[in-house]
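An overview of the molecular structure
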Amino acid sequence: MVSCNRPGCRFCEEGKGKGHDPIVIFWVILGDRKVRQIQVAGEMTKEVEESLRAFAQTQELLKQIAEIHLELMSERKR
């Protein structure tokens, strides 16, 4: 749940309010330590999660390929 921290907000008032609806934030670290945050619309949450899983799987495969490549390069030197 998200609090807006506005004084007098009936949704966020301490002890009374429950906060605003939950939100999903997608953030990415760009070059030079810049962070970009994008709020994801509720209907897109599942699609974004699936895309992030696919991205993580791709990164893992690329890591495995790089490790194999390094092994092959080591073998060639011998």
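Residues numbered from 1 in each chain as written. Predicted model: local features only at pLDDT ≥ 70, side-chain atom pairs only at ≥ 80, totals over all residues. Heavy atoms only, no water.

Turning to the overall build of the protein, a few remarks are in order. Helices and strands together make up the secondary structure of the protein, namely one helix and two strands. Sequence-ordered secondary structure for the protein, helices as α and strands as β, is β-β-α. Counting all 78 residues of the protein, 6% fall into the buried class. Once local pairs closer than 6 in sequence are excluded, the contacts in the protein between residues at least 24 apart make up 2%. Carbon and sulfur atoms provide 54% of the accessible area of the protein, an area that totals close to 7,600 Å². (Helix = DSSP H or I, 4+ residues; strand = E, 2+ residues; numbered from the N terminus. Buried < 20%, exposed > 50% of the residue type's maximum accessible area, 1.4 Å probe, protein only. Contact = heavy atoms within 4.5 Å. Areas by Shrake-Rupley, 256 points an atom, 1.4 Å probe, with all protein chains shown as cover.)

With that settled, consider the pairing of strand S2 (residues 34-40). With seven bridges joining them, strand S1 (residues 24-30) and S2 adopt antiparallel strand pairing. Bridge pairing links Leu-30 to Lys-34 in S2. Between S1 and S2, which pair antiparallel and follow one another directly, the connecting turn spans three residues, one of which, Asp-32, has a positive phi of 60°. (Pairing = 2+ DSSP bridges.)

On to unusual backbone geometry, then. With phi around 60°, Asp-32 is a residue other than glycine that occupies positive phi space. One can find Asp-32 in the loop between S1 and S2. Within the chain, Arg-33 stands out as a residue other than glycine whose phi angle is a positive 60°. Here Arg-33 shows up in the loop between S1 and S2.

Taken as a whole, the protein shows an average pLDDT of 85; of its residues, 90% reach a score of 70 or greater. At the low end of the mean pLDDT range in the protein sits S1, at 86; at the high end sits helix H1 (residues 45-77), at 94. (pLDDT = per-residue confidence, 0-100.)

Here we come to the environment of Val-48. Within the secondary structure layout, Val-48 lies in helix H1. Each C-alpha atom, one on Val-48 and one on Val-24, is 9.9 Å from the other, the two residues being 24 residues apart in sequence.

A contiguous nonpolar surface patch, about 490 Å² in accessible area, is contributed by Ile-23, Ile-25, Trp-27, Ile-29 and Val-35. Topologically, Ile-25 is positioned in strand S1. (Patch = residues over 30% accessible without salt bridge, like charges linked within 9 Å, V, L, I, M, F, W, Y side chains within 5 Å. Salt bridge = Lys/Arg side-chain N within 4 Å of Asp/Glu carboxyl O.)

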